[in-house]
Amino acid sequence: MSPRGGADGGLRPPAPAAPADGRARYLRQVVGQLYPGRDGPSREYLVLPHPRRPRLLAPAASRRSVATAVRRYALPRSRSTALLRQLAATALLSGGHRLLPYRLRVRLPGSIEEHLREVLGGPLHVSIYIGPDRANRKPVLHLMHPLGETAGFAKVGTSALTRSLVRAEAAALVTLTRAGLRR
């Protein structure tokens, strides 16, 4: 991965001068699982904040989706973090996303994004949150309509453990839905 994704547009390992954290390695693994295609239409993602410390992949083609993804990324730990995040989202909404250099191109055929579009019946933009290194780590996908409104969230099991955890979370949500709770 390099600024503008390099000549082949693919994911490249970080330069050896500065060691990558576990998220960079995990990002390569997850992208390979979620976007396994080698041919066909593609989508470009912004890698935020940096390829050596990725936290978020946001669709580069939509300023509204990028701004929404940044605004909704995790809970801010302080008021100053919340303010900085809001300022960043505003800058991205104003077209600043075109200035961000670190990009990743993925192929859509056979991807999770293509599958979710079919299941949900319409166009979607997807951002991907890359969490900290833990045994139960799973990518969280933020699903957005083309104008940047949130359509939903999805967790994806990428190992036997995380697939079982996702199935258990889904079963818990079904149970809650049937419970008739009002709040």
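Since the structure is predicted, the reported quantities are computational estimates derived from the model, not experimental observations.

A. Molecular detail of the sheet that holds strand S4 (residues 125-129). The strand order across the open sheet built from 6 strands is S3-S1-S2-S4-S5-S6, with neighbouring strands paired in antiparallel fashion. Edge strands, defined here as strands with exactly one partner in the open sheet, are strand S3 (103-107) and strand S6 (150-155). Between one strand and the next, the sheet's axes are offset by a mean angle of 25°, whatever the strand orientation. Here S4 runs beside strand S5 (residues 140-144); their pairing, made up of 5 bridges, is antiparallel. Paired with Val-126 across the two strands is Leu-143, which belongs to S5. Here helix H4 (residues 112-120) sits on the sheet and contacts strand S1 (42-48), S4 and S5; the angle it forms with S5, its principal contact strand, is near 50°.

B. Spatial organisation of the pattern of salt bridges. Counting across every chain of the model gives 7 salt bridges. With a closest N to O distance of 2.5 Å, Glu-113 and Arg-43 form a salt bridge. Placement of the pair is Glu-113 in helix H4 and Arg-43 in strand S1, with a sequence separation of 70 residues. Given a relative accessible area of 0%, Glu-113 falls into the buried group.

C. Layout of the nonpolar core. Judged by nonpolar contacts, the single largest core of 22 residues is most densely connected at Leu-34, Tyr-35, Leu-57, Val-126, Ile-128, Leu-141 and Leu-143. Looking at this core, the elements that each hand over two or more residues are helix H1 (22-34), S1, S3, H4, S4 and S5. Ranked by residues supplied to this core, first place goes to H1 with 5 residues. With near-sequence residues (within four places) excluded, Leu-57 lies in contact with Leu-27, Val-31, Tyr-45, Leu-46, Val-47, Leu-104, Val-126, Ser-127 and Ile-128. By size, the runner-up hydrophobic cluster in this structure holds 13 residues, among which are Leu-46, Leu-56, Ala-60 and Val-70.

D. Up close: a nonpolar patch on the surface. A grouping of Leu-83, Leu-84 and Leu-87 is seen on the molecular surface, where their side chains present a nonpolar patch of about 320 Å² in accessible area. Here Leu-87 shows up in helix H3 (residues 79-93).

Reading the values: the criteria
In every chain, residue numbers begin from 1 and rise along the written sequence. pLDDT decides what is reported in this predicted model: residues at 70 or higher carry local features, side-chain atom pairs at 80 or more are listed and counted, and totals for whole chains, interfaces and linings draw on all residues regardless. Hydrogens and water molecules were not included; the side-chain quantities draw on all heavy atoms of the structure. For two strands to be treated as a pair, DSSP must find no fewer than two bridges joining them. Where helices and strands are cited, they refer to DSSP runs of H or I of at least four residues and of E of at least two residues respectively, numbered from the N terminus. The axes are straight lines fitted to the C-alpha atoms, using for helices just the contacting stretch, and the angles between their N-to-C directions are given from 0 to 180°. In what follows, a contact means two residues having at least one pair of non-hydrogen atoms within 4.5 Å. A pair is scored as a salt bridge if a Lys or Arg side-chain nitrogen falls within 4 Å of a carboxyl oxygen belonging to Asp or Glu. Accessibility here uses a 1.4 Å probe with only protein chains present; expressed as a share of the type maximum, an area under 20% marks a residue as buried, one over 50% as exposed, and anything in between as partly exposed. The definition of a nonpolar core used throughout is a set of buried Ala, Val, Leu, Ile, Met, Phe, Trp, Tyr and Cys residues joined through side-chain atoms within 4.5 Å. For patches, a residue must show more than 30% relative accessible area and have no salt bridge; joins then use 9 Å for like charges and 5 Å for nonpolar side chains, namely Val, Leu, Ile, Met, Phe, Trp and Tyr. Calculation of accessible area relied on Shrake-Rupley with a 1.4 Å probe; when residues are assessed, cover is drawn exclusively from the protein chains displayed.

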